[in-house]
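Here's the letter readout for the chains.
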Amino acid sequence: MRVVRYGTYLAVAVVGMAIHQSIAGLLFALAGLVATAAVGYPVMGIRVTFRAFPPLFSVKSRHRTAAITAGTAVAAAAALIDYAAALGGVAAVVSLALVRREKEDTPGVLQVLELVQAGELDAAERLVNQLTVANPSAQKVRASRVLVLEARGRYAEALTLAIGMSDAEGQDAAAALAAVAGLTGAAIEAGQLNAQDGLPVAARAVNEAVELGKPSYMLDGVRALIALLAGDPQLAVRLARAACKNNCGSLGRADDLATLARAYMAAGDNSKARETLAKAERLVPWWPRVALTRSRLDLAQA
């Protein structure tokens, strides 16, 4: 689907420039694409969901037919202004048609996330058990179990499962390795794993995830935790700040905020730590790393 989408964009750009025999054609095509997408995507009800375990990144679309119809109408209207703009609209419609409906592809996986976000971990675990019986080898079903284990603070178990998932290929392997790095750090922090043994594993997993195509900026939160555990709070603060800016999902952002609060504590700035932790608690107060940071901050103030 990615090849089709980008191939369409390239073809429209070439034809648009050919129509006007200048870069103006490209600009008209771009305007048509943006206008159509601005109408179509909100109609589709796209929801991008970020969470602690990367394979569960998904796009959920609910109103595909209405979105394509609206996009087609905009593209047709653009033809009254300029043919290149209409072509750009067509490219946007093609893109809308190619949006994957993850809920249909992996039934129940998004519901697990929603239950975890709501703190309904028993219900989430029951659903994961059902999904596992139906499709025990599915990568996203296994990722759902990792998420539930992480939400319960059972990092060592989650880490074992994530390591077993890292023998996949391509993006699935990169995502699993990123999870291995993050879970290793969390296990060390919680006293479930020795730092001397775990830190090299976490660092290696980060590097391998990047080599397999994981965007480097998406690993800033993991790098921040590794830096914190390695005794470099200043670096941890810089990386955690960057991670918080890039992570808009409640679970992932709360996790990164917990790391940032811990880094401020290690740097001797408990005031900023309290302020940062309060932001995390407004998102997911029960998240294990948030709760652990609260207990350590309260102990430090006692």
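Here the structure is shown first, and the text comes after it.
Quick summary incoming for the structure in this document. Being a predicted model, the structure only gives us computed values, none of them experimental.

**Some points on the pattern of salt bridges**
- Evaluated as defined, the whole model comprises nine salt bridges.
- Residue Glu 189 is joined to Arg 262 by a salt bridge in which the shortest nitrogen-to-oxygen separation is 2.4 Å. In this pair, Glu 189 is assigned in helix α10 (residues 170–189) and Arg 262 in helix α14 (residues 250–266), connecting sequence segments 73 residues apart.
- Judged by relative accessible area, which is 15%, Arg 262 ranks as buried.
- The partner of Glu 189 in a salt bridge is Arg 289, and the shortest N-O contact between them spans 2.6 Å. In this pair, Glu 189 sits in helix α10 while Arg 289 sits in helix α16 (residues 288–301), placing the two residues 100 residues apart along the sequence. No difference in accessibility class separates Glu 189 from Arg 289, as the two residues are buried.
- One salt-bridge network, held together by shared partners, links Glu 189, Asp 255, Arg 262 and Arg 289.

**Some words on the environment of Gly 153**
- Locating Gly 153 in the fold gives a position in the loop between α8 (139–151) and α9 (155–165).
- Once the C-alpha coordinates of Gly 153 and Pro 288 are considered, the two residues, 135 residues apart in sequence, prove to be 5.6 Å apart.
- Not counting chain neighbours up to four residues away, the residues in contact with Gly 153 comprise Gln 192 and Pro 288.

**Considerations on the side chain of Arg 289**
- When its relative accessible area of 2% is taken as the criterion, Arg 289 is described as buried.
- Setting aside its immediate chain neighbours within four residues, Arg 289 contacts Tyr 155, Ala 186, Glu 189, Leu 225, Asp 255, Ala 258 and Thr 259.

**Focus on helix α15 (residues 270–283)**
- In this model α15 runs 20 Å from its N-terminal to its C-terminal C-alpha over 14 residues, within 8% of the 20 Å that 1.5 Å per residue would give.
- Listed in full, the buried residues belonging to α15 are Ala 273, Thr 276, Leu 277 and Ala 280. Down the axis of α15, the buried set is contained in an arc of 100°. They therefore lie on one face.
- Here the buried face of α15 lies against α14 and α16.

**Concerning the packing of helix α12 (residues 220–229) against helix α13 (residues 233–246)**
- Across the interface, α12 lies against α13 with an axial gap of 8 Å and an inter-helix angle of 160°. With respect to each other, α12 and α13 are oriented roughly antiparallel. When you trace α12 past α13, the crossing you get is left-handed. Packed against α12, whose contacting residues are Asp 220, Gly 221, Arg 223, Ala 224, Ala 227 and Leu 228, the element α13 presents Leu 235, Ala 236, Leu 239, Ala 240, Ala 242, Ala 243 and Asn 246 at the interface.
- Here the contact of α12 with α13 is composed, by residue class, of nine nonpolar, two polar and two charged.

**Focus: α10**
- Under the 1.5 Å per step criterion, the end-to-end length of α10 is 29 Å for 20 residues, consistent within 8% with the ideal 28 Å.
- Counting buried positions over the 20 residues of α10 gives 17, a clear majority of the element.
- Remark: Gly 191 follows α10 within two positions and exhibits a positive phi of approximately 80°.

**Section: the packing of aromatic side chains**
- According to the stated counting rule, one finds one aromatic pair in the structure shown.
- Judged by centre distance (5.8 Å) and plane angle (65°), the ring pair of Trp 286 and Trp 287 falls under edge-to-face.
- Judged by its relative accessible area of 29%, Trp 286 is partly exposed.

**Considering the nonpolar core**
- Judged by nonpolar contacts, the single largest core of 40 residues is most densely connected at Val 112, Val 116, Leu 251, Trp 287 and Val 290.
- Of all the secondary-structure elements, those providing two or more residues to this core are α6 (109–117), α7 (121–134), α8, α12, α13, α14, α15 and α16.
- With nine residues, the top contributor of residues to this core is α14.
- Not counting residues within four places of it along the chain, the set of residues in contact with Val 290 comprises Ala 254, Ala 258, Leu 277, Ala 280, Glu 281, Val 284 and Pro 285.

**Observations concerning the packing of α8 against α9**
- Where α8 meets α9, the closest approach of the two axes is 8 Å, and the angle between their N-to-C directions is 160°. As summarised for this structure, α8 and α9 are arranged roughly antiparallel, according to the angle between their axes. Where α8 crosses over α9, the handedness of that crossing is left-handed. On the side of α8, the interface is formed by Gln 139, Arg 142, Ala 143, Arg 145, Val 146, Leu 149 and Glu 150, while α9 contributes Tyr 155, Glu 157, Ala 158, Leu 161, Ala 162, Gly 164 and Met 165.
- For the contact of α8 with α9, the class distribution of residues is eight nonpolar, two polar and four charged.

About the cut-offs
- Residues numbered from 1 in each chain as written.
- Predicted model: local features only at pLDDT ≥ 70, side-chain atom pairs only at ≥ 80, totals over all residues.
- Heavy atoms only, no water.
- Salt bridge = Lys/Arg side-chain N within 4 Å of Asp/Glu carboxyl O.
- Helix = DSSP H or I, 4+ residues; strand = E, 2+ residues; numbered from the N terminus.
- Buried < 20%, exposed > 50% of the residue type's maximum accessible area, 1.4 Å probe, protein only.
- Contact = heavy atoms within 4.5 Å.
- Expected span 1.5 Å × (residues − 1).
- Arc of directions from axis to C-beta.
- Axes fitted to C-alpha atoms, helices over the stretch in contact; angles between N-to-C directions.
- Parallel < 35°, antiparallel > 145°, perpendicular 65-115°, else oblique.
- Left-handed = near helix turned anticlockwise from the far one by under 90°.
- Nonpolar A, V, L, I, M, F, W, Y, C, P; charged D, E, K, R; others polar.
- Phe/Tyr/Trp six-rings, centres within 6.5 Å; stacked < 30°, edge-to-face > 60°.
- Core = buried A, V, L, I, M, F, W, Y, C linked by side-chain atoms within 4.5 Å.

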